Amino acid sequence: MAAMKFQDQKLPERDEDFVVRADQFIPGRRAIFVIVEASFQELLPAGPARILVVGAGGGEEIVRLGESNLSWSFVGVDTYEPMVELARRRIAGTPLAARSQVHAKTIDSLEEADFDAATCILTAHFVPDDGSKLAFLKAIRARLKPGAPLAIVDGVGVSGEDETELLRRIWVRHAIRNGADEVLAKSNAEIFKTVAVVSPEREVELLTNAGFDRVTPIFRGLAIKGWLAFA
Ligand SMILES: C[S@@+](CC[C@H](N)C(=O)[O-])C[C@H]1O[C@@H](n2cnc3c(N)ncnc32)[C@H](O)[C@@H]1O
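Residues numbered from 1 in each chain as written. Predicted model: local features only at pLDDT ≥ 70, side-chain atom pairs only at ≥ 80, totals over all residues.

1. Examining the sheet that holds strand 6 (residues 213-221)
Working step 1: Strand order across the open sheet formed by seven strands is 3-2-1-4-5-7-6, with mixed pairing between neighbours. At either end of the open sheet lies a strand with only one pairing partner, and these are strand 3 (100-104) and strand 6. Each adjacent strand pair in this sheet contributes to an overall mean axis angle of 15°, direction not counted.
Working step 2: Its contacts with the sheet place helix 2 (residues 29-43) against strand 4 (117-121), strand 5 (149-155), strand 6 and strand 7 (224-230), and it is angled at close to 165° to strand 5.
Working step 3: Where helix 8 (residues 200-209) meets the sheet, it contacts strand 5, strand 6 and strand 7, and its direction lies at approximately 145° from that of strand 6. (Pairing = 2+ DSSP bridges. Helix = DSSP H or I, 4+ residues; strand = E, 2+ residues; numbered from the N terminus. Axes fitted to C-alpha atoms, helices over the stretch in contact; angles between N-to-C directions. Contact = placed C-beta atoms within 7 Å.)

2. Structural notes on the pairing of strand 7
Both faces of the sheet carry side chains from a regular strand, because those side chains alternate between them.
Working step 1: Along strand 7, six of the seven residues are buried, which leaves the element largely enclosed by surrounding structure.
Working step 2: Direction of pairing for strand 5 relative to strand 7: antiparallel, over a ladder of seven bridges. Bridge pairing links I152 to W227 in strand 7.
Working step 3: As judged from the six bridges shared by strand 6 and strand 7, these two strands associate in the antiparallel manner. When the bridges of strand 7 are listed, D213 appears paired with F230.
Working step 4: What sits between strand 6 and strand 7 in their antiparallel hairpin is a turn of two residues, with L222 showing a positive phi close to 50°. (Buried ≥ 20, exposed ≤ 12 C-beta atoms within 10 Å, placed from the backbone.)

3. Notes on the environment of L150
Working step 1: Structurally, the position occupied by L150 is in strand 5.
Working step 2: Accessibility expressed as a C-beta count within 10 Å gives 24 for L150, which makes it buried.
Working step 3: Sequence separation between L150 and F212 is 62 residues, and the spatial gap between their C-alpha atoms is 8.7 Å.
Working step 4: Excluding residues within four positions of it along the chain, L150 makes contact with A118, C120, I140, L144, F212, A229 and A231.

4. Here we look at the site of the ligand
Working step 1: Residues in close proximity to the ligand total 20 residues, the closest being F6, G55, G57, Y80 and M83.
Working step 2: Those elements that place two or more of their residues in the shell around the ligand are helix 3 (60-66) and strand 2 (72-78).
Working step 3: Class assignment of the residues belonging to the shell around the ligand gives a composition of 11 nonpolar, six polar and three charged. (Near = placed C-beta within 6 Å. Nonpolar A, V, L, I, M, F, W, Y, C, P; charged D, E, K, R; others polar.)

5. Digging into helix 5 (residues 132-141)
Working step 1: Buried within helix 5 are the following residues: K133, F136, L137 and I140. All buried residues of helix 5 lie within an arc of 95° about the axis, which places them on one face of the element.
Working step 2: Each element contacted by the buried residues of helix 5 is listed here: strand 1 (49-54), strand 4, strand 5 and helix 8. (Arc of directions from axis to C-beta.)

6. Some remarks on the confidence of the model for the protein chain
Working step 1: When pLDDT is averaged along the protein chain, the result is 94, and 97% of the positions lie at 70 or above.
Working step 2: Across the protein chain, element-level confidence peaks in strand 4 with a mean pLDDT of 99 and bottoms out in helix 1 (residues 15-25) with 89. (pLDDT = per-residue confidence, 0-100.)

7. What about unusual backbone geometry?
Working step 1: Despite not being glycine, D114 shows a phi value in the positive range, around 60°.
Working step 2: Mapped onto the elements of the fold, D114 is located in the loop between strand 3 and strand 4.
Working step 3: Here D114 falls in the exposed class, since 11 other C-beta atoms lie within 10 Å of it.
Working step 4: Not every positive phi belongs to a glycine, and L122 is a case in point at roughly 55°.
Working step 5: Position of L122 among the secondary structure elements: in the loop between strand 4 and helix 5.

8. Considering the packing of helix 6 (residues 162-177) against helix 7 (residues 182-191)
Working step 1: Contact geometry of helix 6 with helix 7 gives a least axis separation of 9 Å together with a crossing angle of 155°. Looking at the two axes, helix 6 sits roughly antiparallel to helix 7. Helix 7 is crossed by helix 6, and the crossing has right-handed handedness. Here helix 6 contributes R168, W171, V172, A175 and I176 to the contact with helix 7, which in turn contributes E182, A185, K186 and A189. (Parallel < 35°, antiparallel > 145°, perpendicular 65-115°, else oblique. Left-handed = near helix turned anticlockwise from the far one by under 90°.)

9. Thoughts on the packing of helix 5 against helix 8
Working step 1: Packing of helix 5 against helix 8 brings their axes to within 9 Å, and their N-to-C directions diverge by 50°. One finds that helix 5 runs oblique with respect to helix 8. For the pair helix 5 and helix 8, the crossing hand works out as right-handed. Contacts between helix 5 and helix 8 involve K133, L134 and L137 from the former and L206, L207 and N209 from the latter.
Working step 2: Taken together, the residues of the contact of helix 5 with helix 8 break down into four nonpolar, one polar and one charged.

As structure tokens, this is what we get:
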């Protein structure tokens, strides 16, 4: 079965609904950004820092990490133009606009490098584990300063395994409990069976093979897991 692409999902009509839906569906959505922000505050020296945002569509990372950290600037890449446009609309007219750029391009085509940190949130799980996911992670690492942190958050679990399926059923109830439409919650859970998720062990192996070290878990909410990894 071909891996699902992000653009196979129907985006909500209104920008505000994308934000609300993400909060309803993603366990610990707000906590993820607070943890990533706190991680970078702990790890980066005070003062200016350039942050690479891979899968920057929608603009959430830039909004959440940029609002209180006025010396951080952001370069985002995302391969899906409507999500890039959504990010640009959210940032336009805010103080973040002067220190953020979001490009509709792949990470391997980004010429800028020497970033102080990177995020890759709910994005690598759309890249198939057929050599592409490893190449994608290597391309991120190649754009970081030596030792710089990557915060990566992905769905994990092998479809069909008991634990994955249990977490998927709980995920549907969690979304409905959070106000999501029941039909949408159930259909999303079906669609996500085809996302290119891998086991947590495989994700750590891929990060290590891409040259990252000190892979450190920082988040788990049902089947969403997050790590810091150092270039
Ligand atoms: C679930 S959204 C997450 C967006 C954002 N990181 C957040 O947490 O709100 C996944 C994003 O990854 C993007 N994406 C998928 N494959 C990608 C790739 N190979 N390179 C860059 N972005 C990609 C999609 O276009 C989409 O905007």
